[in-house]
Amino acid sequence: MSAAPDTTGSAVGAAGKKAGASYVLSIDAMGGDRGPAAVVAGIARSAKKNPDIRFLLHGPQDELEKLIGRRKWLRDRIEIRDAGGVVTMDDKPSHVMRHGKGTSMWSTLDAVRNGEATVAVSCGNTGALMALSMVRLRKLPGVNRPAIAVLWPSRNPQGFNVMLDVGADIRADEQDLLQYALMGASYARNGMHLDRPRIGLLNVGTEEHKGRAELKLAHDLIASQAEEANFDFVGFVEGGDIPGDVCDVIVTDGFTGNVALKTGEGTAKLIGDLLREAFQYSPLSKVAALLAMTSLRRLQKRIDPRRVNGGVFLGLNGTVVKSHGSADAMGVSAAIKLAFLLAQQGFTDKLAARVASAVQAPQDTGRAEGE
């Protein structure tokens, strides 16, 4: 394993999107709450399940070599890029943009920028990661504000809905919301295999006269693009529809989306805590818990946020997956699985084509995206 920046002829290779028959992912080992041990453990879980993935791992070489040395079978699947600097959760994005060149996060993004990897994955500081992503990867032509999209457990057959933006930018005008709708539809089409996703615009009510002026304008813009962009627009949706089956993609601004996301995570944790408390209340309730163990495990798996760990940065010249900062090995593995899926789908190129067609001469590329 070499820390040299030149990967020509290496085990991982520098073949842009693929190295032979393998997909190359760029992984930031640092910045998460659990440190590089959790990241390497997550890589190990993914590597066992997916022999077609190879990894560029960024961080302090000595420390990472020790962690990988405990799993010798991983050595041929990982190439270490030595990066001693770490972006902490307390670092301000502006500071990282000016002084972050030697960090693992910067190095992780540069591997995608240089075409050595297809997707970047990081557990680090969200604001810093988005700021660096915009500087190193640049926005797609025509995109004003990139967005963060997440998968939300739902009643739909696919089990999840897409919601964006959940925190990339607290502001969004009608043009931004239109772009979010187009990007969200492309994500649902490629990440969830929905040929014609249903788009909903989050509002305080479903009536067309409700909401801020930019929401009413966005409603008309999104509706006008639906046929040409190959999605169905269901109109305004409410907060209760986020986990529902009315639509597949929920479009909102980053402020509202982030509040909803954090509320959902907190509610899921509260439900889990209350269930444990209820089943510990008496000897009879403990017996009931044993009898219901299979169903409880199924419920726990369904609402476990680690299963859908990974927010995707949309609107950039490259795909970035943001893992939760507190992710354990299972969470990191889930983020890597999502990154692998998007790499297989050629998601970045399809999204770029979708945005370009909307900005220039709108045309139906839904068939091309599904190919």
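Here, the structure is the one placed above.
Predicted, not measured: the structure shown is a model, and the values here were computed from it.

Asks: What am I meant to see in the overall build of the chain here?
Replies: Along the chain, the regular secondary structure elements total 13 helices and twelve strands. By the burial criterion, 53% of the 371 residues in the chain qualify as buried. Sequence separation of at least 24 residues holds for 72% of the intrachain contacts in the chain that already meet a minimum separation of 6. Counting only carbon and sulfur atoms, one obtains 54% of the accessible surface of the chain, whose full area is about 16,800 Å².

Asks: How should unusual backbone geometry be read in this particular structure?
Replies: Peptide bonds are, in most cases, trans, and in most cases residues other than glycine have a negative phi. Note that the residue after Leu 164, namely Asp 165, is joined by a cis bond; omega there is 0 degrees. Of note in the backbone geometry, Arg 138 takes a positive phi value of approximately 70 degrees without being a glycine. Within the fold, Arg 138 resides in the loop between α5 (126-136) and β6 (147-153). For Arg 138, a relative accessible area of 52% translates into the label exposed. Of note, the phi angle at Asn 230 is positive, near 65 degrees, even though the residue is not glycine. Mapping Asn 230 onto the fold places it in the loop between α7 (213-225) and β9 (232-237).

Asks: Sorry if this is basic, but what is going on with the pairing of strand β3 (residues 53-59) here?
Replies: On a regular strand, one side chain projects to one face of the sheet and the next to the other, so that they alternate. With six of seven residues buried, β3 lies mostly within the body of the structure. Bridge count between strand β2 (residues 22-28) and β3: six bridges; the pairing is parallel. By the bridge assignment for β3, Val 24 is matched with Arg 54. In the classification by handedness, the crossover that spans β2, the intervening helix α1 (residues 35-49) and the parallel β3 is right-handed. As defined by bridge partners, β3 adjoins strand β4 (residues 78-82) across five bridges and the pair is classed as parallel. For Gly 59, the partnering residue across the bridge sits in β4 and is Asp 82. Crossover β3 to β4 through helix α2 (residues 61-69) is right-handed.

Asks: It is not clear to me how the nonpolar core should be interpreted in this structure. Could you clarify?
Replies: Nonpolar side chains in soluble globular proteins tend to end up buried together. If you look at the biggest cluster of nonpolar residues, it comprises 69 residues, and the most contacted ones within it are Leu 57 and Tyr 187. Ranked by the residues each element gives to this core, the list is headed by helix α6 (residues 174-191), at nine residues. Excluding residues within four positions of it along the chain, Leu 57 makes contact with Ile 27, Ala 29, Val 39, Val 40, Ile 43, Leu 64, Ile 68, Ile 78, Glu 79, Ile 80 and Arg 81. Counting residues in hydrophobic clusters, the runner-up holds 31 residues, among them Val 87, Val 112, Ala 117 and Leu 132.

Asks: Quick question: what am I supposed to make of helix α4 (residues 104-113) here?
Replies: Each α-helix turn comprises 3.6 residues. Residues three or four places apart therefore point the same way. With nine of its ten residues buried, α4 lies for the most part within the structure. The set of residues buried in α4 consists of Ser 104, Met 105, Trp 106, Ser 107, Thr 108, Leu 109, Asp 110, Ala 111 and Val 112. Gly 115 sits one or two residues past α4 and shows a positive phi near 80 degrees.

What counts as what
- Residues numbered from 1 in each chain as written.
- Predicted model: local features only at pLDDT ≥ 70, side-chain atom pairs only at ≥ 80, totals over all residues.
- Heavy atoms only, no water.
- Helix = DSSP H or I, 4+ residues; strand = E, 2+ residues; numbered from the N terminus.
- Buried < 20%, exposed > 50% of the residue type's maximum accessible area, 1.4 Å probe, protein only.
- Contact = heavy atoms within 4.5 Å.
- Areas by Shrake-Rupley, 256 points an atom, 1.4 Å probe, with all protein chains shown as cover.
- Pairing = 2+ DSSP bridges.
- Right-handed = clockwise from strand over helix to strand, strands pointing away.
- Core = buried A, V, L, I, M, F, W, Y, C linked by side-chain atoms within 4.5 Å.

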